[in-house]
Amino acid sequence: MTARALMVAAPRSGAGKTTLAVGLIAALGRRGRRVRALKCGPDYIDPAFHAAASGADCANIDSWAMSPGHMAEVLRSAGGPDAMLVIESAMGLFDGVAGADGRSGAASDLAIRFSIPVVLVVDIAGQGRSAGAVAAGFAAFDPRLDLAGAILNGVASERHLRTASEGLAAAGIARLGWLPRRPEFAFPNRHLGLVQAREREDLARQVDALACRIAGTVDLDRLEALARAPLAGADADEGFCTIPLDPPGQHIALADDAAFSFFYPEMAAAWRRRGAEIVRFSPLADEPPPPGCDCCWLPGGYPELHAGRIAAAGRFLGGLREFARTRPVHGECGGYMVLGQTLEDADGNAHRMAGLMAHNTSFRERRLHLGYRRAVTAGDCVLGPAGTAVRGHEFHYATVRDGTDEAFLDLSDGEGRALGPGGGRRGNVTGTFFHAIAREC
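Small disclaimer: the values here were computed from a predicted structure and weren't measured.

Visitor: What's the story with the state of the cysteines in this structure? I'm lost.
Guide: Two cysteines, two sulfur atoms, one covalent bond between them: this is a disulfide. In the structure shown here, the tally under the stated rule is one disulfide. Here C241 is linked by a disulfide to C441, with a sulfur-sulfur distance of 2.1 Å. Classification of the bridge connecting C241 and C441 rests on its S-S torsion, roughly -50°, and on that basis the disulfide is left-handed. Of this pair, C241 sits in the loop between α8 (220-226) and β10 (242-243) while C441 sits in the segment after β25 (435-440), and the two are 200 residues apart along the sequence. Here C241 falls in the partly exposed class, since its relative accessible area comes to 29%. Residue C441 is classed as exposed on the basis of its relative accessible area of 56%. A disulfide-free cysteine, C40 has its sulfur positioned 9.6 Å from the sulfur of C58, the nearest such atom.

Visitor: Looking at this structure, I do not really get the pairing of strand β7 (residues 175-180). What am I missing?
Guide: Along any regular strand, the residues point their side chains to alternate faces of the sheet. Within β7, five of the six residues are buried, leaving the element largely enclosed by the surrounding structure. Two strands pair when backbone bridges link them, and strand β6 (residues 147-155) and β7 are joined in this way by five bridges, in the parallel orientation. Along β7, the bridge assignment pairs I151 with G177. What joins β6 to β7 is helix α6 (residues 158-171), and the crossover it makes is right-handed.

Visitor: Would you take a moment to explain the side chain of S362 for this structure?
Guide: Within the secondary structure layout, S362 lies in strand β17 (residues 360-362). A distance of 2.5 Å separates polar atoms of two side chains, one belonging to S362 and the other to E344. Setting aside anything within four residues of it in sequence, one finds S362 in contact with E344, A398, T399 and R401.

Visitor: Where do I start with the packing of aromatic side chains in this structure?
Guide: The description of two aromatic rings rests on the distance between their centres and on the angle between their planes. For the coordinates displayed, the defined rule picks out 13 aromatic pairs. When the centroid spacing of 4.6 Å and the interplanar angle of 50° are considered together, the rings of F94 and F141 count as tilted. Here F94 is found in the loop between β4 (83-88) and α4 (107-113), whereas its partner F141 is found in helix α5 (residues 130-141), with 47 residues between them in sequence. Measuring from centroid to centroid gives 6.3 Å for F395 and Y397, while their planes differ by 50°, and the two rings are tilted. Of the residues examined, F395 reaches a relative accessible area of 27% and is grouped as partly exposed. Chaining the aromatic ring pairs together yields one cluster made of Y44, F262, Y264 and Y302. Its end group placed over the ring of W64, R391 keeps NZ or CZ at 4.4 Å from the ring centre.

Visitor: Where do I start with the packing of α5 against α6 in this structure?
Guide: If you want to describe how two helices pack, look at the angle between their axes and the distance between the axes. Relative orientation of the contacting elements α5 and α6 amounts to 40°, with a least axis distance of 6 Å. The orientation of α5 with respect to α6, classified from their angle, is oblique. Crossing handedness for the pair α5 and α6: right-handed. Residues A131, G132, A135 and A136 of α5 pack against A164, G167, L168 and A171 of α6. Considering only residue class, the contact of α5 with α6 consists of six nonpolar, two polar and no charged.

Visitor: Whenever I open this one, the pattern of salt bridges confuses me. Can you help?
Guide: Pairing between side chains of opposite charge can happen when their charged atoms approach one another. Evaluated as defined, the whole model comprises 28 salt bridges. Residues R34 and D82 are paired through a salt bridge, measuring 3.3 Å at the closest nitrogen-oxygen approach. Placement of R34 in strand β2 (residues 34-40) and of D82 in the loop between α3 (68-78) and β4 is noted, with a sequence separation of 48 residues between them. Across the salt bridge formed by R76 and D235, the nearest N and O atoms sit 3.8 Å from each other. Taken together, the residues span a long stretch of sequence, with R76 in helix α3 and D235 in the loop between α8 and β10 at a distance of 159 residues. Residue R76 is classed as partly exposed on the basis of its relative accessible area, which comes to 39%. Overlapping salt bridges bring together R4, R31, R33, D221 and E224 as one network.

Visitor: Explain the sheet that holds strand β13 (residues 295-298) to me, please; I cannot follow it from the model alone.
Guide: Sheet strands pair via backbone hydrogen bonds, and the direction of the pair is either parallel or antiparallel. Ordered by their spatial adjacency, six strands build an open sheet running β12-β11-β13-β14-β24-β23, and the pairing between neighbours is mixed. At either margin of the open sheet sits one strand with a lone partner, and together these are β12 (277-281) and β23 (424-426). Adjacent strand axes in the sheet meet at a mean angle of 20°, parallel and antiparallel pairs treated alike. Note that strand β11 (residues 251-255) and β13 share three bridges and pair parallel. Across the sheet, residue L254 finds its bridge partner in β13, namely W297.

Visitor: What's the story with the sheet that holds β6 in this structure? I'm lost.
Guide: Taken together, seven strands build an open sheet; the order of strands is β3-β2-β4-β1-β5-β6-β7 and the sheet is parallel. Each edge of the open sheet is held by one strand with a lone partner, namely β3 (59-61) and β7. Across this sheet, the average inter-strand angle for adjacent strands is 25°, counted without regard to direction. The strands touched by helix α1 (residues 17-30) are β1 (4-9), β2, β4, β5 (118-123), β6 and β7; relative to β4, the strand with the most contacts, the crossing angle is about 170°. Contacting β6 and β7, α6 crosses the sheet at an angle of about 160° to β6.

Scoring rules and cut-offs
- Residues numbered from 1 in each chain as written.
- Predicted model: local features only at pLDDT ≥ 70, side-chain atom pairs only at ≥ 80, totals over all residues.
- Heavy atoms only, no water.
- Disulfide = S-S within 2.5 Å.
- Helix = DSSP H or I, 4+ residues; strand = E, 2+ residues; numbered from the N terminus.
- Buried < 20%, exposed > 50% of the residue type's maximum accessible area, 1.4 Å probe, protein only.
- Pairing = 2+ DSSP bridges.
- Right-handed = clockwise from strand over helix to strand, strands pointing away.
- Polar contact = N/O pair within 3.5 Å; in protein donor to acceptor, adjacent residues only side chain to side chain.
- Contact = heavy atoms within 4.5 Å.
- Phe/Tyr/Trp six-rings, centres within 6.5 Å; stacked < 30°, edge-to-face > 60°.
- Lys NZ or Arg CZ within 6 Å of the ring centre and 35° of its normal.
- Axes fitted to C-alpha atoms, helices over the stretch in contact; angles between N-to-C directions.
- Parallel < 35°, antiparallel > 145°, perpendicular 65-115°, else oblique.
- Left-handed = near helix turned anticlockwise from the far one by under 90°.
- Nonpolar A, V, L, I, M, F, W, Y, C, P; charged D, E, K, R; others polar.
- Salt bridge = Lys/Arg side-chain N within 4 Å of Asp/Glu carboxyl O.

Spelled out as structure tokens, the structure:
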């Protein structure tokens, strides 16, 4: 591995990691650097912002769902000999599954295993010198971690910056830069995370403004000097092996628009390496699955925000039903919701969906479902032969009622606790709230 890497992390979610990472990618790119990005953990939304800043796809890397060898391959593919790799942590730096040292899904697993320097983003709203205590605690929590320094976010005044900087100095933590408390630098949120990059008409302007600000308040020379190539030889799988999913067909119809956007780019890349062709179509534009394809994949996204348009998309729904008569159709999360009978939106309005499965879905009856999942297939399907173990995650608020279809998967959580059957199967159609990441070898 010859690309030099640096991780952007924080003590918690909402501290400004994505803002800093996006601006840093863009600022380094302005210097003529070839910058690439990775996102730790399951996340479809943040990588799209990284891609907008770098001009290249951003893959995900995950120590729970991927074996060390699999992660090493992601690092190699993302970088290249002349690239600088900016890796954004998920949640807090050490947050992951309990009792799984090195395989918890925490960003620290990756940083420690591959000896990647970490820059800690500390949101100093409501504190001053205490920022030093926070950073010092993270530096000391695991001595195997290389905490290269901190960037202060949410600075309200010169005095505020001076006080927090004194705290870092007292703790022996290098201050690598700062960002002001400016609402225009924050990306807007909705229920599953940030508003998607593809929905932001002003994104290019905001990224440009971030790059200008970071170039003026962050020590880019020092950050470049701190970055280093991931540790070679740290990719031994130690009895645990994962690989990308096999392509579910040779010509795959992939729904792709604002309602169906939660699809990992590294999965598409892996399928193409195996010779598969991916043909994208838009249900919101009332496009049916292309007839020359031999499999249709409906990824997750935000169908609950577009339920009326989907219900009115007669060519899409009719074409999907015709496709399913002879060929596999698979829905993940939002795609699973659309395969059912109805989708109830947040206002309680029920919209007729494809009717290819028995369930009804309600977004009005909201309950958070979140976490890693290990799934074992109940029969031969698009995820693999019967008995295939697949690692992934679940993140949704929707509630399913009236599900009477044949069980599709047997699920357990990230700590190995059995969750029972999940998803459903009816003829050529399968669906589940489970998002697949990798297949166990």
